[in-house]
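Chain by chain, the residues:
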Amino acid sequence: MVVKMRLARFGRRNAPFYNIVVAHARTARNSRPLEVIGTYDPIPKKDTYDTSGKLHKDIKLDITRAKYWVGVGAQPTDVVWRLLSMVGILEPKYRQPGKPQPEYVPPPPAPATNTETTEPSS
Amino acid sequence: MPPRIPTSSASSSQALLLNQFSELVISPRLSASSSHHNGLITATANSTFQTHNNSQRQRSSLSKRQFSTTPPRQRLTRQRKQFWQWLETSGAVMRDATQPMNYVKAVGARDTSEDSRDMPFPLNPEFRSQSVLSDEAREIIWKSVVEEGQPIKVVSARYSVDMRRVAAVLRMKAIEKRWKAEGKPLAIPYAKAVQKMLPITQLGQVPHEPINDVHVHSYTMQQVFYPTSESREFTRGDAAKAFGKHIMPVDHKIRIPELINLEKQLAAGVDRNVAEEDFTKAALESEQKLKEREANRVRELEEAKTKVDTGRFEFRIENVNVEELVGRDGRSRKAVGWRYGVPFNDRKKGMVKIPTKVE
């Protein structure tokens, strides 16, 4: 069965919050996945003491695990592809002509070494 | 059903007279006393158009209350009599609300000494009004910290105002000054009214509050039998260890530990100015250390994030290690993301739903 990297919607009505998960393609959206590799909060936030009005979105991602799952053939959905391309794991799929492209920064080193061949513990 | 007004169906001259009279002097007592004409008036039931119109106008101009037929209670009860007596004797000061801290005194209490001045509830001597800082005092604190750049610890020790209160004053002053600059209205009458009800400290007169209070840990409330050698020095630090491994000695617990050194120096006969200079230096150093530590913490957090600006939003991607956080059974509270198979009680009865931070 195809293993996908996709979002699972949690949160509340009008307050979405996503887990970035690795799961079998035919399982339900919010069913227990193979592994949770991060979160994506799609609600734009302001910095507390920033008056410029610039908004940001928070993502948590285990880059090492994401690389591992891409390496063994997990298929990211478009949204996850976009998120993964931001940390340089994948080439960006869609480029919008005439718009400034995000600058791809090499990812910082992971806080601890992950054993990449072990089964996920979740 | 319309209210029964004696004049509503008036045709007799007596009723008309009443009608005019009640227009002149509108009082519930009058309408009550006129109600016994009711029978007579309703017996001659033919009302002319004119009087009917008149009564309607009157009905709309009077409130319902004035049609009450209940006579107001005139009897002077004993309590009421005592109240009036009190208001003319010892309670006379209460007529005038311009005095500050004009609290009610206990009935028959002759004690007008300073001791009972801050008791808002005359029969509860345990409840005392705590004094607040005056406007000038708050301005002085703001100036000495923000304009003169003195450390908060020094300001707190000099004026004997708790460090947390000093910090609070600075925050409130910052907001106040910003609002003034923005031209926002301040609730000054409210502040004045509150200040009138409470004792007020002017800085430099008396200590505002004790600044060396420490939390007493329940472990230190017990008696401990701890054998130790007589030849050995037994300090407060050792005493803290005897009570428990995690118990801190008082020297570390007080908010301004630099004061200990100051007192030691004074006891050793060092000149007061020199000792205070040393204290200021130590306080400044500790404050700078704290600032650096906090700045480092924030910087490290920020540096661990990859920032990608797409123009519209900035995506901040934090690298985490899910395997460490997920726990043995995958249900750890520290795990990344929404948890599976465990209830999320955020909307349950009794849970606090007030947001804990404002952004």
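Remember, predicted model here, so these are calculated numbers, not experimental data.

Caption draft 1: The overall build of chain A, seen in detail. Of the regular secondary structure elements, chain A holds two helices and five strands. Counted from the first residue to the last, chain A has its helices and strands arranged as β-β-β-β-α-β-α. In chain A, buried positions account for 39% of the 122 residues. A sequence separation of at least 24 residues applies to 39% of the contacts in chain A between residues at least 6 apart. In the structure as shown, chain A presents an accessible area of about 7,000 Å², 54% of it carried by carbon and sulfur atoms.

Caption draft 2: Structural view of the layout of surface pockets. For the largest pocket, the calculated volume is near 1,800 Å³. As for the largest pocket, its lining consists of 45 residues, of which F17(A), D41(A), K45(A), T356(B) and K357(B) are closest to the centre. Broken down by secondary-structure element, the contributors of at least two residues to the lining of the largest pocket are β1 (3-12), β2 (15-24), β3 (35-46) and β4 (55-61) of chain A together with α13 (272-303) and β4 (314-319) of chain B. Sorting elements by how many residues they give to the lining of the largest pocket places β3(A) first, with six residues. Of the residues belonging to the lining of the largest pocket, the class tally is 20 nonpolar, seven polar and 18 charged. Along the walls of the second largest pocket sit 23 residues, with D135(B), R138(B), M172(B), E176(B) and A191(B) positioned nearest its centre. Put simply, the parts of the chain that give the lining of the second largest pocket at least two residues each are β1 (132-133), α6 (135-147), α8 (163-182) and α9 (188-197) of chain B. Ranked by residues supplied to the lining of the second largest pocket, first place goes to α8(B) with nine residues.

Caption draft 3: Quick look at the sheet that holds β4(B). With mixed pairing, seven strands are arranged side by side in an open sheet as β5(A)-β1(A)-β2(A)-β3(A)-β4(A)-β4(B)-β3(B). The open sheet terminates on both sides in strands that have one partner only, identified here as β5 (75-76) of chain A together with β3 (305-309) of chain B. Relative to β4(B), β3(B) is paired through five bridges, and the arrangement is antiparallel. The residue of β4(B) that forms the bridge with T306(B) is I317(B). Taken strand by strand, helix α1 (residues 63-71) of chain A contacts β1, β2, β3 and β4 of chain A together with β4 of chain B, and its axis lies near 120° from that of β3(A).

Caption draft 4: Seen up close, the side chain of R316(B). Inspection of the secondary structure assignment puts R316(B) in strand β4. A distance of 2.9 Å separates a polar atom in the side chain of R316(B) from a polar atom in the side chain of D47(A). Those residues in contact with R316(B) that sit more than four places away from it in its chain are D47(A), H56(A), K57(A), D58(A), I59(A), K305(B), T306(B) and K307(B).

Caption draft 5: Examining the environment of V154(B) more closely. Residues and elements named next belong to chain B. Along the chain, V154 turns up in helix α7 (residues 152-159). Take V154: its relative accessible area is 6%, and that puts it in the buried class. Taking the C-alpha atoms as reference points, V154 and F279, 125 residues apart in sequence, are found 7.8 Å from one another. Each residue touching V154, except ones within four places of it in the same chain, is listed here: F279, T280 and A283.

Caption draft 6: How the structure looks around the confidence of the model for chain B. Residue and element names in this part refer to chain B. A residue-level look at chain B finds 78% of positions with pLDDT of 70 or above and a mean pLDDT of 80. The least confident element of chain B is helix α3 (residues 38-43), whose mean pLDDT is 38; the most confident is α8, at 95. Confidence over residues 1-54 falls short of pLDDT 50; this stretch has 50 contacts with residues more than four positions distant or in other chains. Overall fold confidence for the complex sits at a pTM of 0.63, while the interface term, ipTM, reaches 0.80.

Caption draft 7: Up close: the interface of chain B and chain A. Across the boundary between the two partners, chain B contributes 32 residues, which contact 50 residues of chain A. Approximately 3,600 Å² of surface area, both sides summed, lies buried where chain B meets chain A, with 56% of it carried by carbon and sulfur atoms. Our count for the contact surface shared by chain B and chain A stands at three salt bridges. Residues R12(A) and D346(B) are paired through a salt bridge, measuring 2.3 Å at the closest nitrogen-oxygen approach. Per-class residue counts for the side of chain B that touches chain A are 13 nonpolar, seven polar and 12 charged.

Caption draft 8: Broad picture of the nonpolar core. Membership of the largest hydrophobic core comes to 26 residues, with the highest contact counts inside it found for M5(A), I20(A) and L61(A). Contributions of two or more residues to this core are made by β1, β2, β3, β4, α1 and α2 (78-86) of chain A together with β4 of chain B. If you look at the next biggest cluster of nonpolar residues, it comprises 12 residues, including A137(B), W142(B), V161(B) and V169(B).

Caption draft 9: The arrangement of the side chain of Q265(B) in detail. The topology assignment puts Q265(B) in helix α12 (residues 258-267). Dropping the residues within four chain positions of it, Q265(B) is found in contact with V270(B), A275(B) and D278(B).

Caption draft 10: Geometry of the pairing of β4(A). Bridge count between β3(A) and β4(A): six bridges; the pairing is antiparallel. Looking across to β4(A), one finds that Y40(A) is bridged to I59(A).

Caption draft 11: Expanded view of the packing of aromatic side chains. Taken as a whole and judged by the stated rule, the model has 10 aromatic pairs over all chains. Ring geometry for F10(A) against Y340(B): centres 5.3 Å apart, planes inclined by 90°, an arrangement best described as edge-to-face. Of the two residues, F10(A) is situated in strand β1 and Y340(B) in the segment after α14 (322-325); the pairing between them involves two chains. Across the pair, Y340(B) and F10(A) agree in class, each one buried. Centroid distance F83(B) to W84(B): 5.5 Å. Interplanar angle 65°. Geometry classified as edge-to-face.

Caption draft 12: Highlighting a nonpolar patch on the surface. On the surface, L76(B), F83(B) and W84(B) cluster together to form a nonpolar patch covering roughly 290 Å² of accessible area. Within the secondary structure, W84(B) is located in helix α5 (residues 78-88).

Conventions and cut-offs
Residues numbered from 1 in each chain as written. Chains lettered and ligands numbered in written order. Predicted model: local features only at pLDDT ≥ 70, side-chain atom pairs only at ≥ 80, totals over all residues. Heavy atoms only, no water. Helix = DSSP H or I, 4+ residues; strand = E, 2+ residues; numbered from the N terminus. Buried < 20%, exposed > 50% of the residue type's maximum accessible area, 1.4 Å probe, protein only. Contact = heavy atoms within 4.5 Å. Areas by Shrake-Rupley, 256 points an atom, 1.4 Å probe, with all protein chains shown as cover. 1 Å grid on protein atoms, 1.4 Å probe; cavity = no way out; pocket = protein on both sides within 12 Å on 5 of 7 lines; lining within 4 Å. Points joined across faces, edges and corners; volume = space filled by probe spheres on them. Nonpolar A, V, L, I, M, F, W, Y, C, P; charged D, E, K, R; others polar. Pairing = 2+ DSSP bridges. Axes fitted to C-alpha atoms, helices over the stretch in contact; angles between N-to-C directions. Polar contact = N/O pair within 3.5 Å; in protein donor to acceptor, adjacent residues only side chain to side chain. pLDDT = per-residue confidence, 0-100. Buried area = accessible area lost by both parts, 1.4 Å probe. Salt bridge = Lys/Arg side-chain N within 4 Å of Asp/Glu carboxyl O. Core = buried A, V, L, I, M, F, W, Y, C linked by side-chain atoms within 4.5 Å. Phe/Tyr/Trp six-rings, centres within 6.5 Å; stacked < 30°, edge-to-face > 60°. Patch = residues over 30% accessible without salt bridge, like charges linked within 9 Å, V, L, I, M, F, W, Y side chains within 5 Å.

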